[in-house]
Amino acid sequence: MHQKRDNSPPRDYPALPHGNNLPSTEVREQTPEFEDAVDLRDYLEILLRHKWVVLTVLTAVFMLTLVVSLSMQPVFKATGRLELNVQAPKVTKFEDVVASQLQTREFMQTQVKLLQSQSLARRVIQKLELDQNPVFNPQLESGGQGQGIAARAKSAIGSVFGSGGSGEEDPVLSRLRLDRSIENAFAQNLEVRPERDTTIVTLDFSSTDPAVARDVVNAQIREFISWQMDKRIEAAHTAKNQLEKQLEIARVNLESSEMELNRFARRAGIVSLDSNLNLVYRQLEEVNRALAATQAERIAKEAVFTQAQLDNISSLPQVLNNTLIQRLREDHIRLSSEYQELSSVFRDEYPKMRTLKAKIADVEQRIAAEERHILDSIQNAYFSVAKREERLRSEAEKKKDLALELNDRATQYKVLQREVETSKLIHQSLLERGKEIDANVGTELGNIHVVDYASLPLTPFKPNVRLNLLLAMVVGLMGGMGLAFFLEYLDNTVKRVDELSDRFQMTVLGVLPQAEEPEMKELDHLVRTKPRAGFSEAIRTTRVSIQLSASMDQPPKSLVFTSTHAGQGKSTIACNMAQAFATAEERVVIIDADLRKPRLHRVFSREQNGNGQGNGNGQGTTPSKGLSQLLSGMCKLEEVVQKTDIANLYFISAGPIPPNPAELLASKRMRSVMEMLAKHFDRIIVDAPPAAGFADVLVLGNNVDGMILVSTLGETHREALRIFRRSVMNVRGNLLGCIVNKLNVNQAYGGYYQKYYKYYSYHPYSDYGRQPESMTLEDGREADSKDEKRAPLV
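1. So, the overall build of the chain
- Along the chain, the regular secondary structure elements total 25 helices and 12 strands.
- Pairs at least 24 residues apart make up 80% of the contacts formed inside the chain by residues separated by at least 6 positions.

Take a look at the structure:
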């Protein structure tokens with residue numbers, strides 16, 4: 001006896017046991033992972049779907065670039081070239097005759113930085129008096145008005161942030177700011193570029209005045225040569241004086257250190273400290289090398305032993321890789337499985353159960369004994385390595401004591417020896433450098449040569465409208481493509497027909513094209529009213545696929561049509577599919593099992609009132625009997641089966657909307673109804689509600705021979721498909737496949753079907769529509785007479 005719930009349904013709908021025949025939540029099958037293969041056609045389809053996004057971004061970037069380019073002021077560029085050679089080679093040393101590539105690269109980078117330095121820029125600015133040029137000082141061009149505006153603006157900003165006070169600005173500070181702005185403008189317009197694989201440097205200067213650009217480049221070249229000459233002459237004299245002082249100090253230090261070293265060596269009796277000739281050092285090195293290897297081995301053994309003590313020994317690699325333990329564990333698994341199977345039938349006292357239990361205990365003891373044996377071997381290996389390490393450490397300590405005694409005597413000797421070597425190097429280096437300075441004072445000034453002076457530029461180099469527009473097209477195209485791919489990434493719907501079979505392992509039973517606008521009014525009967533339409537042909541093709549989706553001996557007789565969410569056309573497809581089976585001389589009954597939002601009563605019911613509502617004329621009518629009353633026990637099956645105007649086609653409406661649709665569909669009465677209908681009809685079509693959020697479809701899946709999912713490209717979400725397929729597998733439902741609806745054959749992903757459906761548009765529907773309709777009606781009358789003899793329950 002089940003307790004009565006507080007939210008029990010009304011009296012017209014008796015409460016059913018909650019949870020009977022409802023789907024389980026255990027996952028019995030996992031969808032295999034789908035590997036996206038890189039296909040150029042997929043990328044092309046994405047771009048075609050988002051072509052307006054790409055074109056919009058491209059047009060926006062192109063127009064913006066065009067407006068900016070046309071509004072820019074023309075800028076001229078003057079160019080000059082310098083040849084900068086590495087300093088003259090020293091003929092006294094062979095390695096200095098040819099400069100290395102690394103030295104050349106470093107030298108060129110240094111010269112480029114010098115050409116870009118502020119010191120050289122100030123020399124050029126002073127030489128050309130650029131502070132009096134309107135190009136660099138716009139205040140001269142505005143006659144002082146701009147200066148007043150700028151000064152007032154700076155004063156206002158300074159007063160806000162507390163960095164300035166009232167009154168006129170200091171002339172010195174104003175001059176410094178003017179110089180800084182001129183230097184910044186000069187540095188921004190100057191470009192120094194070393195040419196690849198050469199020692200030539202190109203100087204470019206950009207200005208709105210071509211004469212100023214030419215004069216700045218030529219002045220930069222001349223001032224750079226003069227600046228380098230001044231620096232080298234001054235540096236040579238300064239270095240010569242400093243080296244002479246350091247050389248005298250180095251000579252005195254060298255003589256003193258050599259004498260001190262000789263006196264100490266005679267007192268200590270030291271001849272050589274070479275490690276290759278010293279037995280103590282060599283033995284210490286060998287012992288330390290052996291100790292390090294043994295210590296590493298001991299650490300590894302200790303880690304294994306510690307892990308065996310702390311963790312479960314069954315997880316050790318030695319245990320996992322042991323063939324005997326693997327065989328014993330296989331026997332244990334087999335015996336445990338057999339024991340579990342028999343435990344559901346027999347009790348523990350059963351003789352065979354006792355035997356299996358004893359075998360399991362014996363296998364467990366053998367596994368434990370083998371694991372203890374492995375643990376003992378790990379412990380013995382660890383102890384052995386630890387003892388060997390202790391002996392080597394003792395020997396190393398002895399050798400180290402002998403080496404320390406020798407080091408105590410040789411420490412002072414090494415200190416004095418290093419001091420002598422250092423003094424020699426310092427003295428020799430200073431002596432050579434002093435001689436080089438004397439020899440190269442007049443020879444290092446000829447490594448700069450002028451290749452080309454700047455000439456007056458006649459045409460501006462920017463804005464380059466063509467290049468800017470070309471780059472704008474490239475950037476706009478790339479940006480539009482990137483945005484298109486980003487939008488595609490955010491869209492998680494199914495885009496291609498083959499994705500259903502490749503990603504979700506679902507058979508595609510048929511692909512239905514999107515109906516034309518004139519066909520929308522009669523779409524529910526299109527397979528019968530316009531049999532030559534592309535939609536009708538696709539329905540008949542899908543019907544054949546359904547018939548062949550199972551074995552020929554037991555074809556699917558009862559079918560459930562559903563979708564992941566509303567609006568994908570499952571009811572329309574169910575209606576047309578039922579009519580397609582009926583025209584194939586099969587007795588068909590279509591059931592409106594959508595007890596939440598029924599629709600088929602508007603298509604087949606002669607009263608147009610299958611859900612118990614009024615007929616629209618202001619007067620109430622007796623509610624039509626439907627599936628909800630049948631499952632509630634309020635009527636019989638013969639009372640709910642309605643004969644339609646279509647031959648061989650019968651209809652069961654949903655009836656009044658109940659408060660517990662899932663429990664009604666999961667009841668035993670629903671299974672009995674399906675079994676009884678299967679005895680009187682050749683085909684049973686069930687229009688179920690959408691699968692999203694409802695258990696109605698899952699409970700219906702156990703009562704039918706097959707389930708068919710209706711999906712729409714661009715609307716059906718991948719996650720919804722994945723959840724639906726997993727849910728169907730949980731209830732062991734038979735998912736025959738999927739029907740793709742509303743395919744736009746004009747789109748890129750519909751190109752494969754475009755030629756197929758185009759064949760049916762060669763002739764107008766009026767050429768074919770009338771004759772099949774009349775034939776259908778005539779055949780229908782004959783079929784009606786046959787059906788009345790075969791179906792006593794209607």
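2. Considerations on the sheet that holds strand 11 (residues 706–712)
- The strand order 5-12-11-6-10-7-9-8 describes an open sheet built from eight strands, whose pairing is mixed. The two strands at the open ends of the sheet, each matched to only one other strand, are strand 5 (508–513) and strand 8 (641–643). Each strand axis lies, on average, 25° off the axis of its neighbour in the sheet, ignoring direction.
- One ladder, built from six bridges, connects strand 11 with strand 12 (residues 735–743); its direction is parallel. By the bridge assignment, Thr712 is partnered in strand 12 with Asn741.

3. What about the environment of Ser69?
- Residue placement: Ser69 occurs in helix 2 (residues 51–71).
- Ser69 gets classed as buried once you look at its relative accessible area, which sits at 5%.
- Spatially, the C-alpha atom of Ser69 lies 9.5 Å from that of Arg466, the residues being 397 residues apart in sequence.

4. Some points on the packing of aromatic side chains
- One pass over the full model with this rule turns up five aromatic pairs.
- Ring centres 5.4 Å apart and planes at 65° place the aromatic pair Tyr650 and Phe681 in the edge-to-face group. Separated by 31 residues along the polypeptide, Tyr650 in strand 9 (residues 649–652) and Phe681 in the loop between helix 21 (668–680) and strand 10 (683–687) bring together distant segments of the chain. The two residues Tyr650 and Phe681 agree in class, both being buried.
- Through a chain of ring-to-ring contacts, three or more aromatic side chains come together here, namely Phe136, Phe186 and Phe205.
- In this structure, Lys231 is placed above the aromatic ring of Trp227, and the distance from its NZ or CZ to the ring centre is 4.2 Å.
- Sitting over the face of the ring of Phe681, Arg587 holds its NZ or CZ atom 5.0 Å from the ring centroid.

5. Re the pairing of strand 10
- Within strand 10, five of the five residues are buried, which leaves it mostly tucked inside the rest of the structure.
- Burial of the side chains of strand 10 extends over both faces: Arg683, Ile685 and Asp687 are buried on one face and Ile684 and Val686 on the other.
- Bridge count between strand 6 (residues 558–563) and strand 10: four bridges; the pairing is parallel. Its bridge partner being in strand 10, Phe561 is matched across the sheet by Asp687.
- Examined bridge by bridge, strand 7 (residues 588–592) and strand 10 share five bridges and lie parallel to one another. Paired with Ile590 across the two strands is Ile685, which belongs to strand 10.

6. Some thoughts on the nonpolar core
- Core analysis: the biggest nonpolar cluster contains 50 residues, and Ile591, Leu627, Ile652 and Val686 have the highest contact counts within it.
- When residues no more than four places from it in sequence are discounted, the contact partners of Ile591 are Leu600, Leu627, Ile652, Met674, Leu677, Ile684, Ile685, Val686 and Asp687.

7. Section: the pattern of salt bridges
- In this structure the tally under the stated criterion is 21 salt bridges.
- Arg540 serves as the salt-bridge partner of Glu537, at 3.0 Å between the closest nitrogen and oxygen. Of this pair, Glu537 and Arg540 both sit in helix 16 (residues 534–547), three residues apart, which is roughly one turn of the helix.
- Classification of Glu537 as buried rests on a relative accessible area of 13%.
- Arg540 gets classed as partly exposed once you look at its relative accessible area, which sits at 21%.
- The network of salt bridges with common partners includes Arg81, Glu195 and Asp452.

8. Let's talk about the packing of helix 16 against helix 17 (residues 570–583)
- Direction vectors running N to C along helix 16 and helix 17 enclose 75°, while the axes themselves pass 10 Å from each other. Between helix 16 and helix 17, the angle falls in the class roughly perpendicular. Mapping the contact onto sequence places Phe535, Ile539, Thr542, Arg543, Ile546 and Gln547 in helix 16 and Ile573, Asn576, Met577, Ala580, Phe581 and Thr583 in helix 17.
- Across the contact of helix 16 with helix 17, the residue classes break down as seven nonpolar, four polar and one charged.

9. Brief notes about the confidence of the model for the chain
- Residue-level pLDDT values for the chain average 75, and 75% of them are 70 or greater.
- Overall, residues 1–29 carries pLDDT values under 50, and its contacts beyond four positions in sequence, including any with other chains, amount to 47 contacts.
- Contacts for the low-pLDDT stretch residues 89–98, under 50 throughout, to residues beyond four places or in other chains number seven contacts.

10. A closer look at a nonpolar patch on the surface
- On the surface, a cluster of nonpolar side chains totalling about 460 Å² of accessible area is made up of Leu467, Leu470, Leu471, Val474 and Met478.
- The partly exposed category is assigned to Val474, whose relative accessible area is 44%.

11. Describing helix 17
- Taking 1.5 Å of rise per residue, 14 residues should cover 20 Å, and helix 17 covers 20 Å from first to last C-alpha, within 8% of that figure.
- Within helix 17, 13 of the 14 residues are buried, leaving the element largely enclosed by the surrounding structure.
- Downstream of helix 17 by a residue or two, Glu585 has a phi angle that is positive, lying close to 65°.

12. Looking at the packing of helix 2 against helix 13 (residues 465–490)
- It is the contact of helix 2 with helix 13, at a shortest axis distance of 7 Å, that shows an interaxial angle of 150°. Considering the angle they form, helix 2 stands roughly antiparallel to helix 13. As for how helix 2 packs across helix 13, the hand of that crossing is right-handed.
- Residue composition of the contact of helix 2 with helix 13, by class: 17 nonpolar, six polar and no charged.

13. Observations concerning the sheet that holds strand 2 (residues 190–194)
- The antiparallel open sheet is built from four strands, whose spatial order is 2-3-1-4. Both outer strands of the open sheet, strand 2 and strand 4 (448–452), are each paired with one neighbouring strand and no more. On average, each strand axis in the sheet is inclined to that of its neighbour by 25°, with strand direction left out of account.

14. A few points about the pairing of strand 9
- On strand 9, burial covers both faces: Leu649 and Phe651 on one face and Tyr650 and Ile652 on the other are all buried.
- In terms of strand pairing, strand 7 meets strand 9 through four bridges, oriented parallel. Its bridge partner lying in strand 9, Ile590 is registered against Phe651.
- Across three bridges, the pairing between strand 8 and strand 9 is antiparallel. Along strand 9, the bridge assignment pairs Gln642 with Phe651.
- What sits between the antiparallel neighbours strand 8 and strand 9 is a turn of five residues, in which Asn648 has the positive phi angle 70°.

15. A closer look at the side chain of Thr644
- Assignment of secondary structure puts Thr644 in the loop between strand 8 and strand 9.
- At 2.6 Å, the side chain of Thr644 forms a polar contact with the backbone oxygen of Leu649.

Definitions and cut-offs
Residues numbered from 1 in each chain as written. Predicted model: local features only at pLDDT ≥ 70, side-chain atom pairs only at ≥ 80, totals over all residues. Heavy atoms only, no water. Helix = DSSP H or I, 4+ residues; strand = E, 2+ residues; numbered from the N terminus. Contact = heavy atoms within 4.5 Å. Pairing = 2+ DSSP bridges. Axes fitted to C-alpha atoms, helices over the stretch in contact; angles between N-to-C directions. Buried < 20%, exposed > 50% of the residue type's maximum accessible area, 1.4 Å probe, protein only. Phe/Tyr/Trp six-rings, centres within 6.5 Å; stacked < 30°, edge-to-face > 60°. Lys NZ or Arg CZ within 6 Å of the ring centre and 35° of its normal. Core = buried A, V, L, I, M, F, W, Y, C linked by side-chain atoms within 4.5 Å. Salt bridge = Lys/Arg side-chain N within 4 Å of Asp/Glu carboxyl O. Parallel < 35°, antiparallel > 145°, perpendicular 65-115°, else oblique. Nonpolar A, V, L, I, M, F, W, Y, C, P; charged D, E, K, R; others polar. pLDDT = per-residue confidence, 0-100. Patch = residues over 30% accessible without salt bridge, like charges linked within 9 Å, V, L, I, M, F, W, Y side chains within 5 Å. Areas by Shrake-Rupley, 256 points an atom, 1.4 Å probe, with all protein chains shown as cover. Expected span 1.5 Å × (residues − 1). Left-handed = near helix turned anticlockwise from the far one by under 90°. Polar contact = N/O pair within 3.5 Å; in protein donor to acceptor, adjacent residues only side chain to side chain.

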